[in-house]
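Geometric and topological summary
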Amino acid sequence: MTRLEEMVSHVHKLPAMPVVAMEVLQSMSGADTDIDALAKRIAQDQAIAARVLRVANSPFYGLQSRVGSIHDAIVVLGLSSVRSLVLAAAVITGLPGGRCPEFSQSRFWRHVLGVAAAARALARPLRRPPEPLFVAGLLHDIGRLAMMTIYPEELCGVLADAQTRDCTLVEAEFRHFGFDHSTVGAELARRWNFPAEIIDALAWHHDPARGVPGGLAGIVHYADAIAHALDLDGAETGQVPRLDAQTVDALDLGWEALNGVLTETRAGFDSFETLLG
Amino acid sequence: MDDTLTLPLAEVLPGTVLAAPVLDHSGAVLLPAGLSLTEVQLDGLRRRDVATLLVVRPEDAEARARKQERIRARVMYLFRHTADEAGSQALLHAVLAFRQETGQ
């Protein structure tokens, strides 16, 4: 069995996606959503509901009165925002993380939320619906969590190696395993029946030229660089990864648009950060 | 206390530090925030009919310059492997301006 085949068989033994997250993902692709039923379903998962309400009541949304229930949150913030928040909270509470000095759980999630915030901020200038962009950003590095579960010791060594060599984690992963977290993430996304555009984003966010042209991979690729450049994960030795020039050209963001994206990313990130507390 | 102040161009002396970037009509940065203005640059601004500038209050200028330099050094560190690449240029300059302006 090759290393890659071995990885795939491991991925298929990982836990299933948290049920609420699965239902939320499904409701994104369906036209009709029974809001009452979804709200009730979300409220049953106390850990997730509490995180969502905390964000809904954060200063970012500037609401006059307190949101006390998931149902109210949907009425006030809209179904799309609440779904994104639920998915974020579900992934944060539901996926096992790793334990080693080189892997910081909070830094990982700060990075992921930063990329999600940046991807969502890109929606306006790119004239796309924000929800899939946010979701793709949120899930883009789940392959890393999967690797942490499958290969805890090896991955810790790889993280240390990346520090020593001052290279990106993707480069260090590839050097050691012959594949990286984007391959693992796409495999997990297939197992969890994610929509095709999300699988594509997970698979190619470090090599967007190979993704579907005009798809989410290029947007997550750029959002990833934004999150690193704004220091959102707070990693002392962070670095902005190489940007694919053709992808950047295709996004065609002018100075003003880019400045707006940075402002919105920062504000969005500050609000989502309350999810982590 | 706000550490910036708006001055008519005629009252701005060389050595004054810009608190915000000076943009041209298309929004491109002519002079970045944190720059200590020279006579030549002030001349250029006069030729462009710039009326006022947002500058750093003189007593804060030194502290501000140190902070701007810290931010610049941090951004250049983050882009240490990619600063020269075509794909990075727009983001590098936008992030530098944004972080210096917001102080984050």
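Residues numbered from 1 in each chain as written. Chains lettered and ligands numbered in written order. Predicted model: local features only at pLDDT ≥ 70, side-chain atom pairs only at ≥ 80, totals over all residues.

1. Some remarks on the overall build of chain B
Assigned secondary structure in chain B consists of three helices and four strands. In sequence order, the secondary structure elements of chain B are arranged as β-β-β-α-β-α-α. Summarising its shape, the C-alpha atoms of chain B cover approximately 40 × 30 × 20 Å along the three principal directions. Counting over 104 residues, chain B shows a buried share of 27%. Long-range pairs, those at least 24 residues apart, make up 65% of the contacts in chain B with a sequence separation of at least 6. (Helix = DSSP H or I, 4+ residues; strand = E, 2+ residues; numbered from the N terminus. Buried ≥ 20, exposed ≤ 12 C-beta atoms within 10 Å, placed from the backbone. Contact = placed C-beta atoms within 7 Å.)

2. Points about the overall build of chain A
Secondary structure summary: chain A contains 17 helices and zero strands in total. Taken over the C-alpha trace, chain A has a radius of gyration of 18 Å; the compact-globule value for 277 residues is 19 Å, and the two agree within 12%. When the backbone C-alpha atoms are referred to their principal axes, chain A occupies close to 50 × 45 × 35 Å. Burial statistics for chain A: of 277 residues in total, 47% are counted as buried. (Rg over C-alpha atoms; globule rule 2.2 N^0.38 Å.)

3. Examining the environment of alanine 97 of chain B
Residue and element names in this part refer to chain B. Assignment of secondary structure puts alanine 97 in helix α3 (residues 89-102). Given 22 C-beta atoms within 10 Å, alanine 97 falls into the buried group. Taking the C-alpha atoms as reference points, alanine 97 and alanine 65, separated by 32 residues in sequence, lie 14 Å from one another. If we skip the residues at most four places from it in the chain, alanine 97 touches Pro21, Val29, Pro32 and Ala33.

4. Quick notes on the interface of chain B and chain A
In this complex, chain B contributes 17 residues to the contact, which on the side of chain A involves 20 residues. Considered class by class, the residues forming the side of chain B that touches chain A number nine nonpolar, six polar and two charged. (Nonpolar A, V, L, I, M, F, W, Y, C, P; charged D, E, K, R; others polar.)

5. Quick look at the nonpolar core
All names here are of chain A. Grouped together as the largest cluster of nonpolar side chains are 110 residues, with contacts concentrated most on Val52, Val86 and Ala119. The dominant element in this core, judged by the number of residues it contributes, is helix α15 (residues 216-229), at 10 residues. For alanine 119, the contacting residues outside a window of four places in its chain are Leu133, Phe134, Ala136, Gly137, Ile219, Val220 and Ala223. (Core = buried A, V, L, I, M, F, W, Y, C linked by C-beta atoms within 7 Å.)

6. Observations regarding the environment of glutamate 85 of chain B
On the secondary structure map, glutamate 85 of chain B appears in the loop between α2 (58-78) and α3. In this view, glutamate 85 of chain B contacts Arg242 and Leu243 of chain A; residues no more than four positions away in its chain are not counted.

7. Points about the packing of helix α11 (residues 152-165) of chain A against helix α12 (residues 169-177) of chain A
All names here are of chain A. Where α11 contacts α12, the axes come no closer than 9 Å and their chain directions differ by 125 degrees. When the axes of α11 and α12 are compared, the pair comes out oblique. The handedness of the crossing between α11 and α12 is right-handed. Of the residues in α12, those touching α11 at Glu154, Val158, Leu159, Asp161, Ala162 and Arg165 are Leu169, Ala172, Glu173 and His176. Across the contact of α11 with α12, the residue classes tally to five nonpolar, one polar and four charged. (Axes fitted to C-alpha atoms, helices over the stretch in contact; angles between N-to-C directions. Parallel < 35°, antiparallel > 145°, perpendicular 65-115°, else oblique. Left-handed = near helix turned anticlockwise from the far one by under 90°.)

8. Description of the confidence of the model for chain B
For chain B, mean pLDDT is 89; residues scoring 70 or higher make up 96% of the total. Two numbers describe this predicted complex: its pTM, 0.79, and its ipTM, 0.86. (pLDDT = per-residue confidence, 0-100.)

9. Overview of α11 of chain A
Residues and elements named next belong to chain A. Here α11 contains 14 residues, and its C-alpha end-to-end distance of 20 Å stays within 8% of the 20 Å for a straight helix at 1.5 Å per residue. Burial in α11 covers these residues: Leu155, Val158, Leu159 and Ala162. Along the long axis of α11, the arc covered by the buried residues comes to 100 degrees, so they all point the same way. Of the residues in α11, the exposed ones pointing more than 90 degrees away from the buried face are Glu153 and Thr164. Buried residues along α11 sit against α10 (142-150) and α12. At the exit of α11 stands aspartate 166, carrying a positive phi of roughly 55 degrees. (Expected span 1.5 Å × (residues − 1). Arc of directions from axis to C-beta.)

10. A closer look at unusual backbone geometry
Residues other than glycine predominantly adopt negative phi, and peptide bonds predominantly adopt the trans conformation. Residue and element names in this part refer to chain A. Within the chain, asparagine 193 stands out as a residue other than glycine whose phi angle is a positive 55 degrees. Note on placement: asparagine 193 falls in the loop between α13 (181-191) and α14 (196-204). By the C-beta count within 10 Å, which is 11 here, asparagine 193 ends up exposed.

11. Some words on the packing of helix α3 (residues 35-44) of chain A against helix α5 (residues 70-77) of chain A
Residues and elements named next belong to chain A. The geometry of α3 relative to α5 is characterised by a closest axis approach of 8 Å and an angle of 130 degrees between their N-to-C directions. In terms of orientation, α3 and α5 fall into the oblique class. Contacts between α3 and α5 involve Ile35, Ala39, Ile42 and Ala43 on the former and, on the latter, Ile70, His71 and Ile74. Class assignment of the residues belonging to the contact of α3 with α5 gives a composition of six nonpolar, one polar and no charged.

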